[in-house]
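Summary of the model geometry
Spelled out from the first residue to the last, the chains are:
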Amino acid sequence: HDGITAALKEKAGVRVSSEWLTACLAHLRQTNEAESEEQVLHQILYSDLRNVVQRDQDDGILRQALSQEHTILPTCFLLMVQVEEFLDVSLNAEARLQVGPASATAPTPVGNQQLRCLKLYLSDGYNPTRQHLVAMETSPISNLSVNSKAGMKLLLRGAIPCRHGILMCNNVHEQ
């Protein structure tokens, strides 16, 4: 367990709980899949982070940065987060209502995606009773769209600027 736990923290910035990891490995054994860090990471991507991570075990770097008015996270920063909600704040409420929610029949985002600005509500899973983390695009992130599904995972990394409790993200900071 320790090798997989250390590898996941190093590669994905996530501290899995021992209970979840034990259950995950048992599931992988039942389905005759390899008990590797890649398979465990695959299971994490399809799980709710609130069920995966060790409660209240975040390192505090992000919380400390978000409590300051202007700061930049350290270059070694790495954290997997789960998207709870997307909102294109470049459109006013009336325009968003006219466009309507995404559907299987109309999956293409409306409007100029080069001019969009997504506001993301994120969860790191470490404290499920806490407010969401908030991030804003400073330039369009190529792998995101207003039609991306809630629950998708993002890997935040590097020197991310934080302004008034909001992460300022772009392609350099997310995977």
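Refer to the structure presented above.
So, here is what we can say about the structure in this document. (Residues numbered from 1 in each chain as written. Predicted model: local features only at pLDDT ≥ 70, side-chain atom pairs only at ≥ 80, totals over all residues. Heavy atoms only, no water.)

Considering the pattern of salt bridges
- All told, the structure shown has 4 salt bridges when counted by the stated rule.
- Residue Arg 29 pairs with Glu 35 through a salt bridge whose shortest N-O separation is 3.1 Å.
- Linking Asp 48 and Arg 50 is a salt bridge whose minimum nitrogen-to-oxygen distance equals 3.0 Å.
- Here the salt bridges do not stand alone but share partners, grouping Asp 48, Arg 50 and Glu 84 into one network. (Salt bridge = Lys/Arg side-chain N within 4 Å of Asp/Glu carboxyl O.)

Things to note about the nonpolar core
- Core analysis: the biggest nonpolar cluster contains 40 residues, and Val 14, Val 40, Ile 44, Leu 122 and Leu 167 have the highest contact counts within it.
- Excluding residues that lie within four positions of it along the chain, Val 14 makes contacts with Leu 8, Lys 9, Ile 44, Leu 49, Val 53, Met 80 and Tyr 126. (Core = buried A, V, L, I, M, F, W, Y, C linked by side-chain atoms within 4.5 Å. Buried < 20%, exposed > 50% of the residue type's maximum accessible area, 1.4 Å probe, protein only. Contact = heavy atoms within 4.5 Å.)

Overview of the pairing of strand β7 (residues 166-169)
- The pairing of strand β4 (residues 133-137) with β7 spans 4 bridges and is parallel. Across the sheet, Met 136 pairs through a bridge with Met 168, a residue of β7.
- Pairing of strand β6 (residues 161-163) with β7 involves 2 bridges; the strand directions are antiparallel. Among the inter-strand pairings, Cys 162 is bridged to a residue of β7, identified as Leu 167. (Pairing = 2+ DSSP bridges. Helix = DSSP H or I, 4+ residues; strand = E, 2+ residues; numbered from the N terminus.)

A closer look at helix α3 (residues 37-45)
- Burial in α3 covers these residues: Val 40, Gln 43 and Ile 44. Here the buried residues of α3 occupy an arc of 105° about the axis, which is enough to place them on one side.
- Against α1 (2-12), α2 (18-30), α4 (49-52), β2 (78-88) and β5 (153-157) lie the buried residues of α3. (Arc of directions from axis to C-beta.)

With respect to the environment of Val 89
- Secondary-structure assignment places Val 89 in the loop between β2 and α6 (93-99).
- As a C-alpha pair, Val 89 and Met 136 span 47 residues in sequence and 9.3 Å in three-dimensional space.

A few points about unusual backbone geometry
- In the Ramachandran plot, Asn 32 falls in the positive-phi region, its phi being about 60° despite a non-glycine side chain.
- Here Asn 32 lies in the loop between α2 and α3.
- What makes Asn 32 exposed here is its relative accessible area of 71%.
- The backbone of His 164 sits at a positive phi, close to 50°, despite the residue not being glycine.
- Note on placement: His 164 falls in the loop between β6 and β7.
- Looking at His 164, the relative accessible area reads 55%, which means it is exposed.

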